[in-house]
Structures are given as structure tokens and as C-alpha cells.
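# A closer look at the structure
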Amino acid sequence: VHGGLKGIRVTVEAIAPMALAGGMESSNVFLTSLLAAGSMLSGSNLSEADIFALAVKLENDEFSGLTGGQGHLCCLLGGAHRHVWLSGVCNSYAAFSHTVLPEASLLDLEKHIMLVQAGKEYLNGKAVTARTAALTNNMWTDLLRDNDEVGLPLHKEKIGATATYTAALARKDFKTVVEVVQRYTEIRDLITCRWLTLAVDAHLGRQVPEHAKAYAKKSLGADDGEYKVVRDLYAIHKEGIKKISLYTLDPISTLVAKGRKEGVAIMPLGAGGPGANSIAISAEGDQHLRSFLHSNGLPELEPENVRKIITGTGLLKGYAPVVTGKHPLRYTGFDKIGLSPPSAPIKIVNETYKQLLARLPGVKA
């Protein structure tokens, strides 16, 4: 056991009901908190930067996950930040985090965003349809690692889109925010469909890049449980699967299309997929969002009703107001037993931050 700790009981007192539906980084928050507590109790005295790096490494390397670490950083820092990942610049998991909005402006953000669940069915406390976030993440990573001629430029476009998005947030330009999020969601769909197109064409013996053959083999040419959803969709739609994105699989895709027509951006959280929570954003504000969502059969959800459905049987469908996490991770009670909290991240001067951004493609400081 790390640090010689044993016999420690961990109790998670409460998790927001909607977070239980997935895609809201609850596992990241739990692991970050667990490592922070373990560090203090064992005397390891890890800094918050160390805790972040270790948490992401554990999820990716030990637990076979695929996370970039944004959930861990949001937990440690709170507020609204633009994270610049240092992958390729240094060998460990690390990032620069630049504050986008001061705390007072977070209330304005809450007036333009809703948390949406387009429809997720539960039976006796278990989701009827399995999540596909890990599979979708693997598809995106495949195209990036293989330098796919279509997928790679789309991935690069996201870097510039992220910079445009955060700049728009900072100046409270929610019209641009909506447009960028709509495009970002579209890019993710295009990347997913690109992977499926390569896999199907390779499966049918057509001329494809060499890496496409590996996609076909593990998804359509083998009995791999992780890719069962791909085989099931192919059995139903055949080549039509090329136009079906697992990221916004219906009923999410229908809501995305309707939102686009009415100035509302719908974006699945995490890597999306069946039953994923989404965010809805409107430049016109919360009343416009409420009207749009109600007109599409999505009522406002009460926390207790959400909990009853998730722990029982029923269809979770509706929306909830967003409350931003304004404060960083808090450590309470440890001082009473003589322990100090992990040291905060190192602050850097703005010029260093700008120099780093200048090294990244498609990004302006």
C-alpha cells in the first residue's frame, strides 16, 4: 500500500445525482481526493502538481482508462480555466492553467448553460445501454496516432477552436461561444465517422490506408467485446454506419440538429455516447434554453427524482441548471491532526505562458 497506509476506510458522502449518469468527471474527482488524502496521511507530501500527474497516470496506465486530466485539474483549481497540456514538451503529465473568467463572471456563465440528459433508461439501478466513451476515445486516439490524412487536420482544428472559445468566454461573447461549440461537436462527429468509414471500407476489401485494416480487424473482424456496438450497428445499417457517430448517437444527434437551427449548441460531455450528459448553450440566455428544451420534451429535473430513476427503473430525460464549481478542492480536518495541505501549483509570469502558446499550432496567445 502506498506510503504504508492500510486499514483506511473511505466514505463518499454524496454525489450529485446527474453526475451518476456519467461524463461529469466524478471518477477523476474521487481519485484526486483519494490521492491528496493518502499523501497527507502517509507523509508523502505530494504537491497538487504531483497529485495531478499521478492521478492521470493511474487512470491511463493502471486502470486502462483514457483521460486527458481536465477533470482532475477542474477539481484541484475550481473556476474557469484554459488548460494547455504539456504533452510533447515534457515527459510527465503536466499543464499550464490560465484563468479565463474571474469568480464574479461565473454567474453570467450559469445564465447561458444548462445540463441536459437527452434520454437514458435504467432498470433496477443499472443503465440499460452500456456507455461507449472509452471506445470513442480510442477511435479519436487511433486517428491521431496514425496521422490520418483526414483525422489529423480535424484534430488540429480543435486546438484553434478551443483558443477562440476561451477568448470568447473571457469577453462574454456567447454568440461566438455557441458557434464554436457547434463546430467542435461537428468535428468530433466527423472524426468518429472517419474512423468508422475506414473500418468498413477495409472490411469490404477496398483500397484504404494501412492503418484502416487494423480498425477493421478489431471492430468487424474479431469478437472483441469493446467493439460489439460497432458490429451491432453494422449488422443493422451496413455502410450506413459511416454516417452514424457514436459520440452523438440518437437521441443526442436529433437534439444537436434541432439546436443548431435555433441558436443552441448541444455538446455531449466527455466522449459522449449513449446516455451521456450534454451541455446546452444559448447566447440569448436561460429563458431561451428552457423554452427550447421544453419544446423538445425535456422538462426540468428534480434531484430526488433523478436519484430515484438512477437507483431504480425509469427513463432519465430532462435538464438541470448549471452551478459552476467556484472553489478549488478543500482539505478540512487534516489541520486538527497536525497535517498540512498539498502545496499549490507554481504560478508563472504571463510572458512564459505566451512563449509556450507560441510553440503550439493554431493557437494565438
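Our structure is the block above this text.
Now for a quick tour of the structure.

Turning next to the overall build of the protein chain. For the protein chain, the helix and strand inventory stands at 13 helices and 7 strands. The C-alpha atoms of the protein chain give 21 Å as radius of gyration, which agrees with the globular expectation for 365 residues (21 Å, within 12%). Viewed in the frame of its principal axes, the protein chain has a C-alpha envelope of about 65 × 45 × 45 Å. The buried share of the protein chain, reckoned over its 365 residues, is 45%. Here the protein chain displays about 19100 Å² of accessible surface, and carbon together with sulfur accounts for 55% of that area. Each charge class in the protein chain can be summarised by its mean position, and for the 40 positive and 36 negative side chains these summaries are 1 Å apart.

Bringing the packing of helix α7 (residues 174–203) against helix α8 (residues 210–219) into the picture now. Packing of α7 against α8 brings their axes to within 7 Å, and their N-to-C directions diverge by 85 degrees. With respect to α8, the element α7 is oriented roughly perpendicular. In this structure, α7 contributes W195, L198, A199, A202 and H203 to the contact, and α8 contributes H211, A212, K213, Y215, A216, K218 and S219. When the residues that make up the contact of α7 with α8 are grouped by side-chain class, the tally is 7 nonpolar, 3 polar and 2 charged.

All right, on to the environment of M267 then. Along the chain, the position of M267 falls in strand β5 (residues 264–268). For M267, a relative accessible area of 15% gives the class buried. Taking C-alpha positions, M267 is 9.3 Å from E186, a pair spaced 81 residues apart along the chain. Once residues lying within four places of it in the same chain are set aside, the contact partners of M267 are V181, Y184, T185, R188, Y247, S278 and I279.

We now examine the pattern of salt bridges. Side chains that differ in sign of charge can pair as their charged atoms come close. Tallying each qualifying case throughout the model produces 17 salt bridges. Here D142 and R145 are joined by a salt bridge, their closest N and O atoms 2.4 Å apart. Remark: R145 and D142 occur in helix α5 (residues 133–145); sequence separation between them is 3 residues, near one turn of the helix. Overall, the relative accessible area of 3% leaves D142 in the buried class. Residue R145 is classed as exposed on the basis of its relative accessible area, which comes to 53%. A salt bridge links R183 to E157, with the nearest nitrogen and oxygen atoms 2.8 Å apart. Of this pair, R183 sits in helix α7 while E157 sits in helix α6 (residues 151–170), and the two are 26 residues apart along the sequence. Several salt bridges share partner residues, and in doing so they unite D201, R206, E239 and K242 into one network.

All buried positions along helix α4 (residues 103–110) are accounted for by S105, L106, L109 and E110. Along α4, the residues classed as buried sweep out an arc of 160 degrees about the axis, all on the same side. Lining the buried residues of α4 we find β1 (80–85), β2 (95–101), β3 (113–123), α6 and α7.

In this section: the packing of aromatic side chains. Going through the model one piece at a time under the given rule, you end up with 3 aromatic pairs. Ring geometry for W195 against Y215: centres 5.0 Å apart, planes inclined by 15 degrees, an arrangement best described as stacked. Of this pair, W195 sits in helix α7 while Y215 is found in helix α8, placing the two residues 20 residues apart along the sequence. Of the two residues examined, W195 and Y215, each falls in the buried class. Judged by centre distance (5.9 Å) and plane angle (10 degrees), the rings of W195 and Y227 are stacked.

Conventions we followed
Residues numbered from 1 in each chain as written. Predicted model: local features only at pLDDT ≥ 70, side-chain atom pairs only at ≥ 80, totals over all residues. Heavy atoms only, no water. Helix = DSSP H or I, 4+ residues; strand = E, 2+ residues; numbered from the N terminus. Rg over C-alpha atoms; globule rule 2.2 N^0.38 Å. Buried < 20%, exposed > 50% of the residue type's maximum accessible area, 1.4 Å probe, protein only. Areas by Shrake-Rupley, 256 points an atom, 1.4 Å probe, with all protein chains shown as cover. Lys, Arg positive; Asp, Glu negative; His and termini not counted. Charge placed at Lys NZ, Arg CZ, Asp CG, Glu CD. Axes fitted to C-alpha atoms, helices over the stretch in contact; angles between N-to-C directions. Parallel < 35°, antiparallel > 145°, perpendicular 65-115°, else oblique. Contact = heavy atoms within 4.5 Å. Nonpolar A, V, L, I, M, F, W, Y, C, P; charged D, E, K, R; others polar. Salt bridge = Lys/Arg side-chain N within 4 Å of Asp/Glu carboxyl O. Arc of directions from axis to C-beta. Phe/Tyr/Trp six-rings, centres within 6.5 Å; stacked < 30°, edge-to-face > 60°.

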